[in-house]
Amino acid sequence: MTSPLSPRLLRAGLVVLDPDSGRTRRVITLQYNPDALTRGFQLKTGGAEGGAKGEALRITGPPVQTLTLEAELDAADQLAERDTTELGLTAQLAALESLAYPSLAAVQDAAALLAAGTLEVVPPPAPLLLLAFGRRRLWPVRITELTITEEAFDPMLNPIRAKIRLGLRVLTVNDVGTAGRAGGLAMAAHQQLEQLAGRARGGRLGDLGIDRLP
């Protein structure tokens with residue numbers, strides 16, 4: 001029995017939002033939290049060759065941040081659920097895979113417009129994705145890579161064990177602006193970052209073996 005004093009285990013996952021209304025369409029919870037989260041940053045700074053003096057100290061915008069995580073799924077822990085018994089992990093994998101596709105309705109609408117002689121068909125906006133990695137780290141993201149490795153199958157060839165590799169790019173105000181639901185989430189993520197940085201314990205010059213700066 002779990003002790004009532006035990007901390008609640010939070011799950012990482014994706015929140016799928018309507019790009020216009022911001023309404024939550026779906027929450028995709030990872031069955032097991034990843035063992036590692038790799039984050040890369042491509043900084044945007046001034047100081048290009050031949051630029052004005054002092055430009056090297058300017059930050060021209062938020063960095064391009066990429067996230068890579070690997071997660072595991074195992075139907076053995078969910079056999080009490082009817083859908084899992086019938087489908088294995090097929091439905092759960094399809095929920096992730098569908099994020100890489102436009103909706104069927106959008107494809108049909110585009111085909112109808114082209115058949116009617118429309119010269120240019122503007123693709124509809126994709127759902128807005130939010131990666132939740134704890135309460136204090138919520139990133140609006142778009143998927144850049146999705147790899148699914150199915151490792152075991154039931155007698156009906158439904159996958160019952162799988163690994164997922166997910167590559168994401170964090171969306172900033174450079175990508176979505178500051179207005180709308182996407183802009184609000186990007187601004188909130190930036191604010192969370194600065195609030196967390198403000199709580200970091202500062203060091204002293206002496207810790208670095210420096211008495212005073214030149």
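Residues numbered from 1 in each chain as written. Predicted model: local features only at pLDDT ≥ 70, side-chain atom pairs only at ≥ 80, totals over all residues. Heavy atoms only, no water.

Draft legend 1. Region of the structure containing the sheet that holds strand β3 (residues 37-45). An order of β2-β1-β5-β6-β7-β4-β3 is seen for the seven strands of this open sheet, with the pairing classed as antiparallel. A single partner strand is all that each edge strand has here, and the edge strands are β2 (24-29) and β3. Across this sheet, the average inter-strand angle for adjacent strands is 25°, counted without regard to direction. Alignment of strand β4 (residues 59-74) against strand β7 (residues 159-170), held across nine bridges, turns out to be antiparallel. Looking at β7, one finds that Leu69 is bridged to Leu166. On the sheet, helix α2 (residues 90-97) packs against β1 (13-17), β2, β4, β6 (138-153) and β7 and is oriented at approximately 15° with respect to β7. Across the sheet, helix α5 (residues 180-198) lies against β1, β5 (128-132) and β6, angled at about 90° from β6, the strand it touches most. (Pairing = 2+ DSSP bridges. Helix = DSSP H or I, 4+ residues; strand = E, 2+ residues; numbered from the N terminus. Axes fitted to C-alpha atoms, helices over the stretch in contact; angles between N-to-C directions. Contact = heavy atoms within 4.5 Å.)

Draft legend 2. Structural context of the environment of Gly177. Assignment of secondary structure puts Gly177 in the loop between α4 (173-176) and α5. Once residues within four sequence positions are removed from consideration, Gly177 is found in contact with Thr172 and Gly183.

Draft legend 3. Focus on the pattern of salt bridges. All told, the structure shown has seven salt bridges when counted by the stated rule. Among the salt bridges present, the one from Glu151 reaches Arg161, with a minimum N-O distance of 3.7 Å. A residue pair is termed long-range when its members are at least 10 positions apart, and Glu151 in strand β6 and Arg161 in strand β7 qualify at 10 residues. Classification of Glu151 by relative accessible area gives partly exposed; the value is 37%. Taking relative accessible area as the criterion, Arg161 reaches 38% and is therefore assigned partly exposed. Overlapping salt bridges bring together Glu70, Glu145 and Arg165 as one network. (Salt bridge = Lys/Arg side-chain N within 4 Å of Asp/Glu carboxyl O. Buried < 20%, exposed > 50% of the residue type's maximum accessible area, 1.4 Å probe, protein only.)

Spatial relationships are all this shows, so hold off on functional conclusions.
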